[in-house]
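Below are the chains, spelled out letter by letter.
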Amino acid sequence: MSEMSSLPDLELFTMGMWSIGLGAIGVAVTGILLANTDLFLSKPETASLEFLETTKLKSLREAEERTFKAGELWKKNGAVIMAVRRPGCFLCREEASELSSLKPQLDRLGVPLYAVVKEKIGTEVEDFQHYFKGEIFLDETKKFYGPHKRKMLLMGLIRLGVWQNFLRAWKNGYSGNLEGEGFILGGVYVIGAGKQGVLLEHREREFGDKVNLQSVLEAAEKIKPQAADTE
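The structure reproduced in this document is the subject of the present report. (Residues numbered from 1 in each chain as written. Predicted model: local features only at pLDDT ≥ 70, side-chain atom pairs only at ≥ 80, totals over all residues. Heavy atoms only, no water.)

**Remarks on the overall build of the protein**
Here's step 1: Along its length, the protein carries eight helices and seven strands.
Here's step 2: Across the 231 residues in the protein, those meeting the buried criterion constitute 40%.
Here's step 3: The long-range share in the protein, meaning contacts at least 24 apart out of those at least 6 apart in sequence, stands at 73%.
Here's step 4: Of the accessible surface of the protein, which amounts to about 13,000 Å², a share of 60% is contributed by carbon and sulfur atoms. (Helix = DSSP H or I, 4+ residues; strand = E, 2+ residues; numbered from the N terminus. Buried < 20%, exposed > 50% of the residue type's maximum accessible area, 1.4 Å probe, protein only. Contact = heavy atoms within 4.5 Å. Areas by Shrake-Rupley, 256 points an atom, 1.4 Å probe, with all protein chains shown as cover.)

**Side note on the sheet that holds strand β5 (residues 135–138)**
Here's step 1: Taken together, the seven strands give an open sheet; going across it, the order is β2-β1-β5-β4-β3-β6-β7, and neighbouring strands pair in mixed fashion. One side of each edge strand has no neighbouring strand; the edge strands of this open sheet are β2 (67–69) and β7 (198–203). Neighbour-to-neighbour, the strand axes of the sheet open up by a mean angle of 30 degrees, direction not taken into account.
Here's step 2: Of the pairings in the sheet, the one linking strand β3 (residues 79–83) to strand β4 (residues 113–117) comprises four bridges and is parallel in character. Opposite I81, over in β4, you have Y114 as the bridge partner.
Here's step 3: Relative to β3, helix α4 (residues 90–100) is tilted by about 170 degrees, and along the sheet it contacts β3, β4, β6 (187–191) and β7. (Pairing = 2+ DSSP bridges. Axes fitted to C-alpha atoms, helices over the stretch in contact; angles between N-to-C directions.)

**Here's the deal with the packing of aromatic side chains**
Here's step 1: What the rule picks out here adds up to eight aromatic pairs.
Here's step 2: Taking the centre distance of 5.3 Å and the plane angle of 80 degrees together, the rings of F68 and F137 count as edge-to-face. Pair noted here: F68 is in strand β2 and F137 is in strand β5, with a separation of 69 residues, a long-range link.
Here's step 3: Here F68 falls in the buried class, since its relative accessible area comes to 4%.
Here's step 4: Between W163 and F166 the ring centres are 5.2 Å apart and the planes differ by 85 degrees, which places this aromatic pair in the edge-to-face class. Note that W163 and F166 are positioned in helix α7 (residues 160–171) at a spacing of three residues, about one turn of the helix.
Here's step 5: The class for F166 is buried, based on a relative accessible area of 17%.
Here's step 6: Ring pairing ties together the aromatic residues F68, Y114 and F137, which thus form one cluster.
Here's step 7: Taking the ring centre of F68 as reference, the NZ or CZ of R66 above it sits at 4.2 Å. (Phe/Tyr/Trp six-rings, centres within 6.5 Å; stacked < 30°, edge-to-face > 60°. Lys NZ or Arg CZ within 6 Å of the ring centre and 35° of its normal.)

**Looking at the side chain of N165**
Here's step 1: Take N165: it is sitting in helix α7.
Here's step 2: For N165, a relative accessible area of 9% puts it in the buried group.
Here's step 3: Polar side-chain contacts of N165 include one of 2.9 Å to the backbone oxygen of F207. (Polar contact = N/O pair within 3.5 Å; in protein donor to acceptor, adjacent residues only side chain to side chain.)

**Thoughts on the pairing of β5**
Here's step 1: Two strands pair when backbone bridges link them, and strand β1 (residues 56–59) and β5 are joined in this way by two bridges, in the antiparallel orientation. Residue K58 lies in a different strand from β5, and its bridge partner there is L138.
Here's step 2: Bridge count for β4 against β5 is four bridges, and the pairing is parallel. Residue V117 lies in a different strand from β5, and its bridge partner there is L138.

**Focus: the side chain of K143**
Here's step 1: One can find K143 in the loop between β5 and α7.
Here's step 2: With sequence-adjacent residues up to four places away left out, K143 is seen in contact with F51, L52, T54 and T55.

**A few points about the nonpolar core**
Here's step 1: Counting 37 residues, the largest nonpolar core has V80, M82, L106, F128, F132 and V216 as its most contacted members.
Here's step 2: Looking at this core, the elements with two or more residues in it are β3, α4, β4, α6 (124–128), β5, α7, β6 and α8 (213–220).
Here's step 3: In terms of residue count, the dominant contributor to this core is α4 (five residues).
Here's step 4: In contact with V80, not counting residues within four places along its chain, are L106, V111, P112, L113, Y114, V188, Y189, V190 and V216.
Here's step 5: Grouped together as the second largest cluster of nonpolar side chains are 19 residues, A79, I81, Y145 and Y189 included. (Core = buried A, V, L, I, M, F, W, Y, C linked by side-chain atoms within 4.5 Å.)

Everything listed here is a matter of geometry and, on its own, says nothing about what the molecule does.
Given below as structure tokens:
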């Protein structure tokens, strides 16, 4: 009699465990699906020229340590500026290399190519210079990553697009390391000369979300150089 009465209890226990297991699987699947949408991604806030031009940047050249306002970079001829998420990241190195492939065209237009980083750790910037063919400056205030700094945390690692970007960069022969802060997303700007304004603002949506190179060139072609005596 006692053995028979224990059977319903065992069935209820088994059903309960199955329910918990299915519920956990459902939560995990839902989390993965949501992580692969833009539902929970913070929307980028457009950076105005006024916001960017007062940013204090530091030169990283050993022979020329100076602090200056970012507006000096594009005052005469405009500029293409990459806000690097993390110099040691192989995805950032891939984008830096591709942007640098535009340097001959940019040189013909008279438009300089620059990059900013959030921090300087060891030889990370020097190592990054192998991939990036422009001068690199330090933006300790991280204004080129704002006005609203967006982060992608570990949930980004379950996004399909991120893994596709990983695979693409790996197949192209890029490698990197895990040194430094890499959660604050970066971007690329094309800024006109003087007060012409921001002509292109690409804000990284996820790890490895690269700017369209043709869009960079088209924006650079719109830059109107300022006369030498123009303030």
